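So the chains spell out like this:
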Amino acid sequence: MSTVRSITLFALAALLEIGGCWLVWQSVRESRPWWLAGLGVLALGLYGFTAARQPDADFGRVLAAYGGVFVAGSLLWGVVVDGFRPTRWDVLGALICLAGVGVIMYGPRR
């Protein structure tokens, strides 16, 4: 159950962080309403609380692993929200990152 919870928290954290950054980007770079940036800042704050709920107590491990989730999630966000077309190298890189997440978070401990 701990692994399922961890994966769920990673997915939620990615949604909040990437979505929050996207909202700020829309406000600042795309001249959208200012309140989108405010929503983005709120989402980014919620991301921090979500990441802190990971079952593993080691901050460095959790954030290092989350980096791989962020890479893959960002590409997926681009596909779904912005119509981004990843290359096979983008996909390969994201898969390598996710493999790293698995090794860091779910590999055997001594």
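Residues numbered from 1 in each chain as written. Predicted model: local features only at pLDDT ≥ 70, side-chain atom pairs only at ≥ 80, totals over all residues. Heavy atoms only, no water.

Defined as follows: UniProt positions are given in the numbering used here, feature names are shortened, and annotations may be inferred rather than shown by experiment.
UniProt, in the comment section headed Sequence similarities (unreviewed entry), describes the protein in these words: "Belongs to the UPF0060 family." One UniProt comment on the protein, placed under Subcellular location (unreviewed entry), says "Cell membrane".

### Brief notes about the packing of helix H3 (residues 59-82) against helix H4 (residues 88-106)
Inclusion rule: To get an axis, fit a line to the C-alpha atoms, keeping to the stretch in contact for a helix; angles then go from 0 to 180 degrees between the N-to-C directions. Each helix corresponds to a stretch of at least 4 residues labelled H or I by DSSP, and each strand to a stretch of at least 2 residues labelled E; elements are numbered beginning at the N terminus. In these notes the angle categories are as follows: under 35 degrees is roughly parallel, over 145 is roughly antiparallel, 65 to 115 is roughly perpendicular, and the rest is oblique. Left-handed describes a crossing whose near helix is turned anticlockwise from the far helix through less than a right angle; right-handed describes the clockwise counterpart. Between two residues, a contact is recorded if the distance between any of their heavy atoms is within 4.5 Å.
H4 packs onto H3 with a crossing angle of 155 degrees between their chain directions and a minimal axis gap of 8 Å. Judged on the interaxial angle alone, H4 and H3 are roughly antiparallel. Handedness of the crossing formed by H3 with H4: left-handed. Taken together, the residues of H4 that come into contact with H3 (itself represented by Arg 61, Val 62, Ala 64, Ala 65, Gly 68, Val 69, Val 71, Ala 72 and Leu 75) are Asp 90, Ala 94, Cys 97, Leu 98, Val 101, Ile 104 and Met 105.

### With respect to the environment of Val 71
Short version of the rule: For each residue, the accessible area found with a 1.4 Å probe, counting protein chains only, is set against the maximum for its type, and the residue is called buried under 20%, exposed over 50%, and partly exposed in between.
When you line up the elements, Val 71 lands in helix H3. The partly exposed category is assigned to Val 71, whose relative accessible area is 33%. The spatial distance from the C-alpha of Val 71 to the C-alpha of Val 103 is 16 Å, given a sequence separation of 32 residues. Setting aside anything within four residues of it in sequence, one finds Val 71 in contact with Ala 94 and Cys 97.

### What to know about the UniProt feature "transmembrane region" (unreviewed entry) in the protein
The residues that UniProt annotates with the feature "transmembrane region" (unreviewed entry) are residues 7-28, 34-52, 59-79 and 91-108. Strand forms 0% of residues 59-79 and helix 100%; the C-alpha atoms that close the span are 30 Å apart. Its end C-alpha atoms 27 Å apart, residues 91-108 is made of 89% helix and 0% strand.

### What to know about a nonpolar patch on the surface
Using the following cut-off: Think of a patch as exposed residues, more than 30% relative accessible area, with no salt bridge, where like charges cluster within 9 Å and nonpolar side chains (Val, Leu, Ile, Met, Phe, Trp, Tyr) cluster within 5 Å. Using a 1.4 Å probe, accessible areas were evaluated by the Shrake-Rupley method; residue-level cover was limited to the displayed protein chains. A carboxyl oxygen of Asp or Glu within 4 Å of a side-chain nitrogen of Lys or Arg is what we treat as a salt bridge.
There is a patch of nonpolar side chains on the surface, built from Trp 34, Trp 35, Leu 39, Leu 42 and Leu 46 and spanning about 590 Å² of accessible area. With respect to the helices and strands, the residue Leu 46 is situated in helix H2 (residues 34-51). A residue is classified by how much of its surface remains accessible, and Leu 46, at 42% relative accessible area, is partly exposed.

### Regarding the packing of aromatic side chains
The criterion, for reference: Between 30 and 60 degrees the pair is tilted, below 30 it is stacked and above 60 it is edge-to-face, where a pair is any two Phe, Tyr or Trp rings, Trp via its six-membered ring, whose centres lie within 6.5 Å.
This model, assessed by the stated rule, comprises four aromatic pairs. Look at Tyr 47 and Tyr 66: their rings are 5.3 Å apart centre to centre, the planes differ by 40 degrees, and that puts the pair in the tilted class. Taken together, the positions of Tyr 47 in helix H2 and Tyr 66 in helix H3 put the pair 19 residues apart, joining distant regions of the chain. A relative accessible area of 13% places Tyr 47 in the buried class. Looking at Tyr 66, the relative accessible area reads 4%, which means it is buried. Ring centres of Tyr 66 and Phe 70 lie 6.3 Å apart, and the angle between their planes is 55 degrees; on these two criteria the pair is classed as tilted.

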